[in-house]
Amino acid sequence: MPAFNPNDLDVPQGHFIDGVIVSEGTEWLPVHRPSDGAWYTDLPVAGPTTVDRAVASARTAFQCSGWATESPRARAALLRRWAEFIDRDKDTLARLEALGSTRHIQGVLDIDIPYSVDCIRFFAEWADKLGGDVAATRTDHLGMVVTEPYGVVAAIAPWNFPITQSITKIAAPLAAGNAVVLKPSELTPFSAIRLAQLAVEAGFPVGILNVVQGNGTVTGDALCRHPSVGKISFTGSTRTGTEIMKASAESGIKPVTLELGGKSPQVVFADVPDLDRVAATVARSILYNAGQVCIAGSRLLVERSIEEELLEKVIALASAERPGATWTSDTGFAPIISATQLQRIHDRVTRTLDDGATALIGAQRLDVRGDGAFYAPTILTDVSSTMEAVREEVFGPVLTVQSFDDEDEGFALAGHEQYGLAAGVHTGNVNRALRAVRRIQAGTVWVNRYGRTHDYIIPTGGYHSSGIGKDLGRQAVEASLRQKSVLIDFSE
Ligand code: NAD
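Residues numbered from 1 in each chain as written. Predicted model: local features only at pLDDT ≥ 70, side-chain atom pairs only at ≥ 80, totals over all residues. Heavy atoms only, no water.

### Thoughts on the site of the ligand
For clarity, the threshold we go by: Any residue with a heavy atom positioned within 4 Å of a molecule or strand is treated as near that molecule or strand. The term polar contact refers here to a pair of N or O atoms within 3.5 Å; inside protein, the definition further demands a hydrogen-donor-capable atom paired with an acceptor-capable atom, and it admits residues adjacent in sequence only when both atoms are side-chain atoms. What sets the accessible areas is the Shrake-Rupley method with a 1.4 Å probe; for residues, cover comes only from the shown protein chains. Method remark: on a 1 Å grid restricted to protein atoms, a set of points is classed as a cavity if a 1.4 Å probe fits but cannot get out and as a pocket if it is open with protein on both sides within 12 Å along at least five of seven lines; lining residues have an atom within 4 Å of a point. To be counted as sitting in a cavity or pocket, a molecule needs more than half of its atoms within 2 Å of that site's grid points.
Taken together, 29 residues sit near the ligand, with Glu186, Ser237, Thr240, Leu260 and Glu393 positioned nearest. A distance of 2.7 Å separates an oxygen atom of the ligand from a polar atom in the side chain of glutamate 186. Between serine 237 and the ligand, the recorded distance is 2.7 Å, taken from a side-chain N or O atom to an oxygen atom. Expressed as a share of its isolated accessible area of 850 Å², the protein-covered part of the ligand is 90%. More than half of the atoms belonging to the ligand lie within 2 Å of the grid points that define the largest pocket.

### Let's talk about the domain arrangement of the chain
In plain terms, the rule: For every domain, the bounds stem from an assignment made automatically or drawn from a database. In short, buried area is how much 1.4 Å probe accessible area vanishes from two parts on joining, totalled over both. Counted as salt bridges are all cases of a side-chain nitrogen of Lys or Arg within 4 Å of a carboxyl oxygen of Asp or Glu. Think of it this way: any DSSP run of H or I at least four residues long counts as a helix, any run of E at least two long counts as a strand, and we number them from the N terminus.
In terms of domains, the chain is made up of domain 1 (6–260 + 466–485) and domain 2 (265–455). A separation of 30 Å is found between the C-alpha centroids of domain 1 and domain 2. Counting the surface lost from both domain 1 and domain 2, the interface buries some 2,400 Å², and carbon and sulfur atoms represent 60% of this. Summed over the shared surface of domain 1 and domain 2, the result is zero salt bridges. Counting across the domain 1 and domain 2 interface gives eleven residue pairs in polar contact (both at pLDDT 80 or more). Mapped by element, the contributors of at least two residues to the side of domain 1 that touches domain 2 are α3 (90–100) and α4 (105–124).

### Notes on helix α1 (residues 48–64)
This is how the line gets drawn: Take the residue count of a helix, subtract one, and multiply by 1.5 Å to get its expected span. Working definition: with a 1.4 Å probe on protein chains only, accessible area under 20% of the residue-type maximum means buried, over 50% means exposed, and in between means partly exposed. Starting at the helix axis, one direction is taken to each C-beta atom, and the arc is that of these directions.
Here α1 spans 24 Å end to end across 17 residues, near enough to the 24 Å set by a 1.5 Å rise per residue. Residues Thr50, Val51, Ala54, Val55, Ser57, Ala58, Ala61 and Phe62 constitute the buried set of α1. All buried residues of α1 fall inside an arc of 155° around its axis, so they share one side. Exposed side chains of α1 directed beyond 90 degrees from the buried face belong to Pro48, Thr49, Gln63 and Cys64.

### As for the sheet that holds strand β12 (residues 265–268)
What counts is decided by this rule: For two strands to be treated as a pair, DSSP must find no fewer than two bridges joining them. Here an angle of 0 to 180 degrees is reported between the N-to-C directions of two axes, which are lines fitted to C-alpha atoms, with helices fitted over the stretch in contact. Contacts between residues were defined by any pair of non-hydrogen atoms, one from each residue, lying within 4.5 Å.
Sheet architecture is open: seven strands sit in the order β14-β15-β16-β13-β12-β18-β19, paired in mixed fashion. For this open sheet the edge positions go to β14 (358–361) and β19 (444–447), each flanked by a neighbour on one side alone. The average angle at which neighbouring strand axes cross in this sheet is 25°, direction not considered. Of the strand pairs in this sheet, strand β13 (residues 299–303) and strand β16 (residues 398–404) are connected by five bridges, and their pairing is parallel. Residue leucine 301 lies in a different strand from β16, and its bridge partner there is glutamine 402. Most of the contacts of helix α9 (residues 275–287) go to β12, to which it runs at about 170°, and overall it touches β12, β13, β16 and β18 (422–426).

### Quick notes on the packing of α9 against helix α10 (residues 304–319)
The geometry of a pair of packed helices is captured by two quantities: the angle between their axes and the separation between those axes. This is how the line gets drawn: Throughout, the term roughly parallel applies to angles under 35 degrees, roughly antiparallel to angles over 145, roughly perpendicular to angles from 65 to 115, and oblique to all others. Take the far helix as the reference: if the near one is turned anticlockwise from it by less than a right angle, the crossing is left-handed, and if turned clockwise, right-handed. Nonpolar residues are Ala, Val, Leu, Ile, Met, Phe, Trp, Tyr, Cys and Pro. Charged residues are Asp, Glu, Lys and Arg, and all others, Gly as well, are polar.
For the pair α9 and α10, interaxial distance at closest approach is 9 Å and the crossing angle is 55°. Compared by their axis directions, α9 and α10 come out oblique. α10 is crossed by α9, and the crossing has right-handed handedness. Of the residues in α10, those in contact with Leu275, Asp276, Val278, Ala279, Ala280, Val282, Ala283 and Leu287 of α9 are Ile306, Glu309, Leu310, Lys313, Val314, Leu317 and Ala318. For the contact of α9 with α10, the per-class residue count stands at twelve nonpolar, no polar and three charged.

Structure follows, in C-alpha cells:
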C-alpha cells in the first residue's frame with residue numbers, strides 16, 4: 001500500500017492563471033486535513049480582480065490560441081496527452097488528493113485517477129466528430145445548424161471527489177473547444193492546480209484551463225457573474241445551485257448545467273435471487289466515501305417479508321468498518337470532510353431520533369484517539385417520510401429504512417418531493433424492473449446494481465431539484481456547444 005507521511009508534501013499554493021501560479025488573495029483561509037483535523041496550509045481567496053484576471057486570460061486564449069478554431073484532431077491529441085500525463089504523475093496527484101480530501105490514497109490510485117484519465121480520453125474522441133446539421137429547406141437555399149463553443153465556461157466543483165468531479169466538469173467543454181476557469185472547493189483545492197499544470201505541460205495553450213481558489217460567496221459568485229463567462233457548469237448542493245441560478249439571471253442570463261443533491265432510494269423486493277449480494281450493494285452505496293456521495297443510496301425501502309434478514313446482513317457489513325486516515329497502509333472507512341459537516345450530520349440524526357426514530361447502529365462519532373472527524377455507520381428505523389433524515393440530504397453514512405407490503409407502496413415510497421438524482425431497484429422479476437424504470441422519477445435508475453461505471457456514454461444528472469442538464473455522455477458535449485442557424489439563398 002502506498003502509505004505516505006502527510007507532513008512531507010509540497011502543496012502547490014495559489015491560483016493557476018496563464019500558465020503560472022499566482023499567490024494573491026483578498027484573504028487567506030486555513031485548510032485542514034479531514035483525517036486528523038490538522039491545519040496544513042492557507043488558501044488565498046480570489047476576489048473580483050483575480051477572477052477577472054483568470055477570465056480575461058481564458059478569453060484571450062479562447063480567441064487567439066486556435067484551441068477552438070484550428071484542427072480538432074490536434075485538440076483531441078492534446079487532451080489524450082493530458083490524460084497520459086495525469087496517469088504518469090498519478091502518485092504525486094494521489095498524495096495531494098488523499099492529504100486534503102476524504103479519499104484514501106489507494107482508492108485515488110485504483111479508482112479516481114483511472115476513471116478521470118479514461119473520462120478525458122472518452123471526451124477527446126468527440127473533439128473531431130462534432131458538427132452541425134444541414135436542414136431540409138427549399139433547394140435553392142442552404143440551411144445549416146452550426147455548433148460553436150460558448151467561449152469561457154466557469155466550472156465549479158464540490159469537495160467529495162475533487163479530481164473526478166473536476167474532470168467530469170471540464171473534459172467535455174474543453175473537448176468542445178471552450179476555455180475553462182475551474183473553481184475547486186475551498187476544502188479540497190490543491191489537486192486542481194496540479195491538473196492544470198499538467199495540461200500546460202501537455203501542450204494546452206496557456207489560459208485555456210485556469211484555476212481560481214476561494215470560497216463560494218466571494219470567488220464562486222464573482223466567477224458566475226463575470227460578463228465574459230459564457231456558461232456556468234456547477235456540481236454541488238441544491239442550495240448553492242439556487243444561488244448560481246440567481247447569479248446567472250442577474251448577470252446576463254447565462255446557460256447553466258447544475259448537478260445537485262440527492263436523497264436516492266434503494267428498493268429491494270423479496271424476489272431477489274441473492275440477498276447477500278443485495279446486502280453488499282446496499283451497504284456499499286451508503287458507506288462508500290462515508291456516504292459523502294451525491295448518488296448515495298441513503299433510503300432503503302425493503303419488502304417487509306425480508307426486512308429482518310436483509311438488515312441483519314447490512315448491519316454485519318456496516319459494523320465491520322474501521323476508520324482509517326487517508327494516507328495509511330490500511331484502507332479504512334473514510335473521514336468526514338470537516339468538523340462542521342460532522343456536526344451537521346449528527347444534528348440531523350439526533351433530531352430524527354428525537355422525532356421517534358430508532359438507531360439500530362451508530363448515531364455517534366467514530367474517533368481514532370479523539371482526533372479526526374469520523375462518523376459511525378448509522379442505520380435508522382421507525383422512520384416516516386416526513387422525518388429529517390429521510391427528507392433531507394445528510395451527506396454522511398446514514399441509512400434510513402422503511403418497509404412496504406406491495407409494489408405500489410414500494411414505488412410510492414421511492415418518490416421524493418424534492419430530489420430525483422438516482423434510484424436502485426433490486427428484483428428477480430424483469431417485468432417489475434421495467435415497471436420500476438417507468439414509475440421512478442429520477443435521472444438514473446439502476447436495476448440489480450448501484451453506482452456509476454466507466455460507461456461515460458451514459459449521462460448523469462437529476463430530476464426535480466437534483467439538477468438541470470447532464471454531465472457525461474453525448475449530452476455533456478452538446479451542452480458545451482451552442483447552435484447557430486444559418487440560411488443561405490443561392491438562387492439566381
Ligand atoms: P456546495 O454547494 O457547498 O459547494 C460546491 C461548490 O460551490 C464549492 O466549490 C463552493 O465553494 C461553491 N459555492 C458555494 N457557494 C457559491 C456561490 N454562491 N456561488 C458560486 N459558487 C459557490 O457543495 P459541497 O458541500 O462542496 O458538495 C456537496 C454537495 O454536492 C452535496 O449536496 C452533493 O449531493 C452535491 N454533489 C452533487 C453531484 C452530482 O453529480 N449531482 C456530485 C457531487 C456532489
